[in-house]
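The lines below spell out each chain.
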Amino acid sequence: MASGATRAAFVLASIASALPASSFAAEEPIPKDEPAPPPPRDYFLAPPKRGTWALLDAYTAGLQASLEHRHVIAREDYAAVTPRLNALGSLGFGEISAHTDVRFLFFAVGVSGGFRRVWRTYAFEPGFEGTRDVRTDIDDRKAFTTEHWGYGEARVRMALPVHDNVLFVGNAAARYEDCPDNSYDWLHTTMHDRGVLFRYDATVFFKSPGFGAIGPTARVMDLPRANGRELEAAGGFTFGRRLGLLPNDIFLANVLARPGDASFGFQILRMPVYALLVYRVQVAL
């Protein structure tokens, strides 16, 4: 049960793409004789702190390590340029990639490129449906193949504060995957052909400094399939919270479902469900 991390990323577009920024007023300085309070539980929705950071992720059935530099322009809630390098390994694949995001107030644009080696590749003849049951059978027989290919992505993002406790986040991306036709995409847990896919996802976060943030999520994809194109919609929720087990940590859950779709989702769940669970620790360098 693995997923890529670029929403952020990934997922997370990478996983960093899934942790959007919003604008907050500057905090009052803390007197020197008083310890600084811990970050609020929903701090991952605030503008990221400047500097160079190492990001370490444990997610579903994989690990990811990233290095990024946040070059802040004027102030953290105004604008920033963030290049990032990352490597990950999971149950289904491993990859190395590079990303750059530029943020100005509520808007951001970004590009990504990477190389993926998929050691559990499920690719089928045209017209054959690669369902979860079929993929489970391939796993049982260890009949999968190992393939590799490159990919690239361009994206735009908006994080709009609607209220002190409500944040709307929308992401749109165009992504090229040089994968085999009619093959399983571990990142999006769906089947598609080689070519360009378009993805739009949106979340309305209800957030609180003492609780974290949670809200409904919708994702719509325009996919190359069967020598044509098909629309695919999924719905679910996203939840994020600072756990406080380590400094600057985050727990993120993104769950999407497509009832009645025999091909969508992780076959290990035996349900049409995409489930990305991430525990991230950020370390300032």
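Residues numbered from 1 in each chain as written. Predicted model: local features only at pLDDT ≥ 70, side-chain atom pairs only at ≥ 80, totals over all residues. Heavy atoms only, no water.

**Notes on the side chain of Ser263**
Turning to step 1, where the next piece is worked out: If you trace the backbone, Ser263 turns up in the loop between β13 (249-257) and β14 (273-284).
Turning to step 2, where the next piece is worked out: Other than its neighbours up to four places away in sequence, Ser263 contacts Glu129, Gly130, Thr131, Arg132, Arg135, Thr189 and Met191. (Helix = DSSP H or I, 4+ residues; strand = E, 2+ residues; numbered from the N terminus. Contact = heavy atoms within 4.5 Å.)

**Some remarks on the pairing of strand β10 (residues 195-208)**
Turning to step 1, where the next piece is worked out: Pairing geometry for strand β7 (residues 166-177) and β10, over 12 bridges, is antiparallel. Along β10, the bridge assignment pairs Ala173 with Arg199.
Turning to step 2, where the next piece is worked out: With 9 bridges joining them, β10 and strand β11 (residues 212-225) adopt antiparallel strand pairing. Residue pairing for β11: Phe198 is matched across the bridge by Asp222.
Turning to step 3, where the next piece is worked out: Counted along the chain from β10 to the antiparallel partner β11, the turn is 3 residues long. (Pairing = 2+ DSSP bridges.)

**Focus: the pattern of salt bridges**
Turning to step 1, where the next piece is worked out: Under the criterion given, the structure shown has 20 salt bridges.
Turning to step 2, where the next piece is worked out: With its nearest N and O atoms 3.1 Å apart, the salt bridge here joins Asp101 to Arg155. Within this pair, whereas Asp101 is found in strand β4 (residues 93-104), its partner Arg155 is found in strand β6 (residues 145-163), the two being separated by 54 residues in sequence. (Salt bridge = Lys/Arg side-chain N within 4 Å of Asp/Glu carboxyl O.)

**Section: the packing of aromatic side chains**
Turning to step 1, where the next piece is worked out: This structure, assessed with the given rule, holds 9 aromatic pairs.
Turning to step 2, where the next piece is worked out: Ring geometry for Tyr78 and Phe104: centres 5.2 Å apart, planes at 80°, overall edge-to-face. Taken together, the positions of Tyr78 in the loop between β2 (62-73) and β3 (79-90) and Phe104 in strand β4 put the pair 26 residues apart, joining distant regions of the chain.
Turning to step 3, where the next piece is worked out: When its relative accessible area of 43% is taken as the criterion, Phe104 is described as partly exposed.
Turning to step 4, where the next piece is worked out: An aromatic cluster of three or more residues is present, and its members are Tyr122, Tyr184 and Trp186. (Phe/Tyr/Trp six-rings, centres within 6.5 Å; stacked < 30°, edge-to-face > 60°. Buried < 20%, exposed > 50% of the residue type's maximum accessible area, 1.4 Å probe, protein only.)

**Looking at unusual backbone geometry**
Turning to step 1, where the next piece is worked out: For Leu105, which is not a glycine, the phi torsion comes out positive at approximately 50°.
Turning to step 2, where the next piece is worked out: Here Leu105 falls in the partly exposed class, since its relative accessible area comes to 30%.
Turning to step 3, where the next piece is worked out: Even without a glycine there, the phi angle at Arg270 is positive, about 55°.
Turning to step 4, where the next piece is worked out: Within the secondary structure layout, Arg270 lies in the loop between β13 and β14.
Turning to step 5, where the next piece is worked out: Taking the relative accessible area as the measure of exposure, Arg270 reaches 59% and is therefore exposed.

**Remarks on the sheet that holds β13**
Turning to step 1, where the next piece is worked out: With respect to topology, 12 strands assemble into a closed barrel ordered β1-β2-β3-β4-β5-β6-β7-β10-β11-β12-β13-β14, the strand pairing being antiparallel. Across the sheet, the axes of successive neighbouring strands diverge by a mean angle of 20°, strand direction being ignored.
Turning to step 2, where the next piece is worked out: Two strands pair when backbone bridges link them, and β13 and β14 are joined in this way by 9 bridges, in the antiparallel orientation. Of the residues in β14, the one forming a bridge with Ala253 is Leu277. (Axes fitted to C-alpha atoms, helices over the stretch in contact; angles between N-to-C directions.)

**Let's talk about the nonpolar core**
Turning to step 1, where the next piece is worked out: By size, the foremost hydrophobic cluster in this structure holds 20 residues, and its most contacted members are Tyr122, Tyr184, Trp186 and Tyr274.
Turning to step 2, where the next piece is worked out: Listing elements by their share of this core, those giving two or more residues are β13 and β14.
Turning to step 3, where the next piece is worked out: It is β14 that provides the largest number of residues to this core, a total of 3 residues.
Turning to step 4, where the next piece is worked out: For Tyr122, the residues in contact, after removing those within four places along its chain, are Arg135, Ile138, Asp139, Phe144, Asn182, Ser183, Tyr184, Trp186, Met191 and Gln267.
Turning to step 5, where the next piece is worked out: Counting 9 residues, the second-largest nonpolar core is a separate cluster that includes Leu45, Leu167, Val169 and Ile250. (Core = buried A, V, L, I, M, F, W, Y, C linked by side-chain atoms within 4.5 Å.)

**Some thoughts on the environment of His99**
Turning to step 1, where the next piece is worked out: Inspection of the secondary structure puts His99 in strand β4.
Turning to step 2, where the next piece is worked out: As a C-alpha pair, His99 and Glu68 span 31 residues in sequence and 9.1 Å in three-dimensional space.
Turning to step 3, where the next piece is worked out: One polar contact links His99 to Ser112, side chain to side chain, over a distance of 2.6 Å. (Polar contact = N/O pair within 3.5 Å; in protein donor to acceptor, adjacent residues only side chain to side chain.)

**What about the confidence of the model for the chain?**
Turning to step 1, where the next piece is worked out: Chain-level statistics for the chain give a pLDDT mean of 89 and a share of 88% at 70 or above.
Turning to step 2, where the next piece is worked out: Within the model, the stretch residues 1-27 combines pLDDT values under 50 with 131 contacts to residues more than four positions away or in other chains. (pLDDT = per-residue confidence, 0-100.)

**Some points on a nonpolar patch on the surface**
Turning to step 1, where the next piece is worked out: A grouping of Leu56, Leu67, Val283 and Leu285 is seen on the molecular surface, where their side chains present a nonpolar patch of about 370 Å² in accessible area.
Turning to step 2, where the next piece is worked out: Here Val283 is to be found in strand β14. (Patch = residues over 30% accessible without salt bridge, like charges linked within 9 Å, V, L, I, M, F, W, Y side chains within 5 Å. Areas by Shrake-Rupley, 256 points an atom, 1.4 Å probe, with all protein chains shown as cover.)

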